[in-house]
Structures are given as structure tokens and as C-alpha cells.
Amino acid sequence: MQDEFLKGLLESFEYLEERPSKDWPSVKCLSTRLLEFLKQMRDERGFDMLSDLTAVDWQEETPRFTVVYHLYSTQKHNYLRVASDCSDEEPPSIPSVTSLWEGADWHEREAYDMFGIIFTGHPDLKRILMWEGYPYHPLRKDFPLAGKEVELPAADVAEATGEKVRPAPMAGGPFHAPQGGRMSASEPRGSDESWNEKLEKPTGE
Amino acid sequence: MSDANTLYNYDSKVEGDLIVSRFDAVVNWVRQHSVWPMPMGLACCAIELMAAGGSRFDISRFGMEVMRFSPRQSDCMIVAGTVTYKMAEVVRRIHDQMAAPKWVIAMGACASTGGMYRSYSVLQGVDRIVPVDVYISGCPPRPEALLDGLMKLQQKIGREKSAKKLFSA
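The model shown is predicted, which means the values in this text are computed figures rather than measured ones. (Residues numbered from 1 in each chain as written. Chains lettered and ligands numbered in written order. Predicted model: local features only at pLDDT ≥ 70, side-chain atom pairs only at ≥ 80, totals over all residues. Heavy atoms only, no water.)

1. Re a nonpolar patch on the surface
Residue and element names in this part refer to chain B. A surface patch of nonpolar side chains, about 270 Å² in accessible area, is lined by Tyr 10, Val 14 and Leu 18. The topology assignment puts Val 14 in the loop between α1 (4-7) and α2 (23-32). For Val 14, a relative accessible area of 30% puts it in the partly exposed group. (Patch = residues over 30% accessible without salt bridge, like charges linked within 9 Å, V, L, I, M, F, W, Y side chains within 5 Å. Areas by Shrake-Rupley, 256 points an atom, 1.4 Å probe, with all protein chains shown as cover. Salt bridge = Lys/Arg side-chain N within 4 Å of Asp/Glu carboxyl O. Helix = DSSP H or I, 4+ residues; strand = E, 2+ residues; numbered from the N terminus. Buried < 20%, exposed > 50% of the residue type's maximum accessible area, 1.4 Å probe, protein only.)

Spelled out as C-alpha cells, the structure:
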């Protein structure tokens, strides 16, 4: 049944492409036709709920960023996943869907905060997790997990303490539990234990 | 006939009503047993902090149960949870608003060192922005560990040179 639905979609909208998916139907849509397509999905196919909106950083591919929309039908209880590439420029941009689902507001702010994607037409596009004025977008692939040195958000606290936002000591991390094996041996460990706070990270020379 | 007592105007009847002690000992004794904690609950440690306030663990046995959510009315900030850089400003400001004498307890791994969050967004230890008196290990610590930490703080208060601080200020 899902296959028929997807086939029907691809036939009725010539600008769609099929995307590989393991569960629900998934399509790729041109960003220029995105709003029009999503509006039809909402009004005519019953996908009345936007259950998630997120983004993907492909790092070296162009266009680099893709925004993914998870639509849900509260009547038919099925999902549709729609992906759309952002414009290939810095900053990347894509139309906002807040005019279709108001709930997209904070999701788009999060995607803007983490990936730096500009959602054109968003009513109040500002950071939601990091503070105003933070210079990076942390979920981009070229941003290190430990972070980069910047000033603290509050100037008076920075002055009183002499502190800054400093890269976290990774010491062989990121730390994660090994997959498989006995539970008793699955304490989280650094993936590279050859260095820590006291032993320098080997440079490979 | 005059003896030493009448000579120096000493009323021997007050004997038994007087206690002679050191100023520090009296002040510290009072402070030790009226610690008013300010719960700075930021993550899951706060849940254990609440449990410590419940009847099963009964924090009031040790004279520090009067949790106040206003920094003006409390003297011991319990930082319970992960402090992000965005929140660090608030923690510091609330600490500044507390009236002296004041103490800080870093409850749990995150508040003490950043814990498992080796990440761009998390302050790696609250001691970078406020002076910490007691660190409590655990992720999160059991309520018993918190009570132990508070008793350690009481012992620390008991060793303070309060008179010197009061009169030199």
C-alpha cells in the first residue's frame, strides 16, 4: 500500500524524486516547488501534522545542506518524509514552512542555530539553543565537538572571572559505550585511549 | 571587710548561668546548624536533591532543610546539574546576589567537572566561575552522598576564622 502511494505521488508530481528509505515513503522535492508541494500534501492528502523538521550536512557534496520534513497524517496514521536541498551558497537558504504549520517555527530556529540555514519568510529567525552572538553553527561537520574558544556571553562575568568558552578536554573521547559484548565491560570509554589530560595527543610523526 | 569579689564588683550568683567560649566557636556553631540551601537545580541531579528533601532521607535532621528559591534568603548554593555556557552567567549572577557568608556545593559530575558532557556547550566545572567549597561525586549522587557533602560543609564552616573575617572587613 505504501508503495502504491509513493508511485502515485511520483506520477502526479513530476518534480519529485524517490529517496532511499527503510520505512516510510520518502521523496526529494525541488526547493522552488517545496511550499506548493507541502501545501497540497497538507490540504489534499491529509498530512496535517509536521512531526519533525531537521537538516543534514553532507560536508563535501553540493549542495551541502538538505532539510528534511517528516509529515504525519492524524487520520490515516502514516508518514511521509520530504527532503529538499538548500541553495548552494553561504549562508544556505530555503523557504520557511511556518505559513503552513506554525509549529515549524522553533524547529527552523533550531536548524538555523545548529546548521546556519536561513529560512526565508520565517517570522523571527534567531538562535534558540546557543546564545545571541555566538559565531558558529555547532552541528556542521567542520565544527569540532570540543568547541572553539570564544568570549563568554556575559561580558561582566567574563571580566570578573577571566573565563572564556574554551574547547572541552576530549582526552581520547568522544566517550561512548562499546557496542556488543558483556554489560559489565560496557562502561563508556574514549575511542582513543593513547592520550589524556596528562599525556599529549600523538601527532603521528 | 572586703574580699576579692566585692573589690572587683563580681556577682558570684551568675556562676552557672555563664558559658565561656571562643567567638569563632559560637558563630560557627550557629552558622553550621542553620544552613539555608539555594537549590540551583539544572538537570537530573536536582531530582536527587528533591529526594534528599523528602521524608525518606530527611535533610532537616542536620539543620539545613530550609530551601529558599531566592538568593537573598539563602547562604549555600547547591549547583545540581549540567551548567551550560549560556546558563553560567545566571549561576554567577545568582551567586553574586547571595549575602555573605555564602558557600557553594558542586553536586555531581557535571557541576564538578562537566562530567560526560565533553562538549562545546557545557562549562567544564562550575568552579571556573564561582568558588566551590564541597564537590560531590556521582552521576547523579545518591541523596546520602548529598547529605554527607552537606555535613562535610558543616565541618568546614566549623573550622572557619569567622571573627577575623567579620572584624577585618
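2. Some points on the pattern of salt bridges
Residue and element names in this part refer to chain A. As enumerated under the stated definition, the model contains 21 salt bridges over all chains in all. Of the charged contacts, one joins Arg 127 and Asp 113 as a salt bridge, the two residues approaching to 2.5 Å between their closest N and O atoms. Linking Arg 127 in the loop between β7 (118-120) and α4 (155-161) with Asp 113 in helix α3 (residues 104-115), this pair joins segments that are 14 residues apart in sequence. Judged on exposure class, the residue Arg 127 and its partner Asp 113 are both buried. Between Lys 126 and Asp 124 there is a salt bridge, with its nearest N and O atoms 3.6 Å apart.

3. A few points about the nonpolar core
Residues and elements named next belong to chain A. Ranked by size, the top nonpolar core spans 62 residues in total, and within it Phe 37, Leu 38, Tyr 69, Leu 71, Leu 80 and Val 82 carry the most contacts. Here this core spans two domains, since at least three of its residues come from each of domain 1 (2-139) and domain 2 (144-197). Once residues within four sequence positions are removed from consideration, Leu 38 is found in contact with Tyr 69, Leu 71, Val 82, Val 97, Leu 100 and Trp 101. (Core = buried A, V, L, I, M, F, W, Y, C linked by side-chain atoms within 4.5 Å. Domains from an automatic or database assignment. Contact = heavy atoms within 4.5 Å.)

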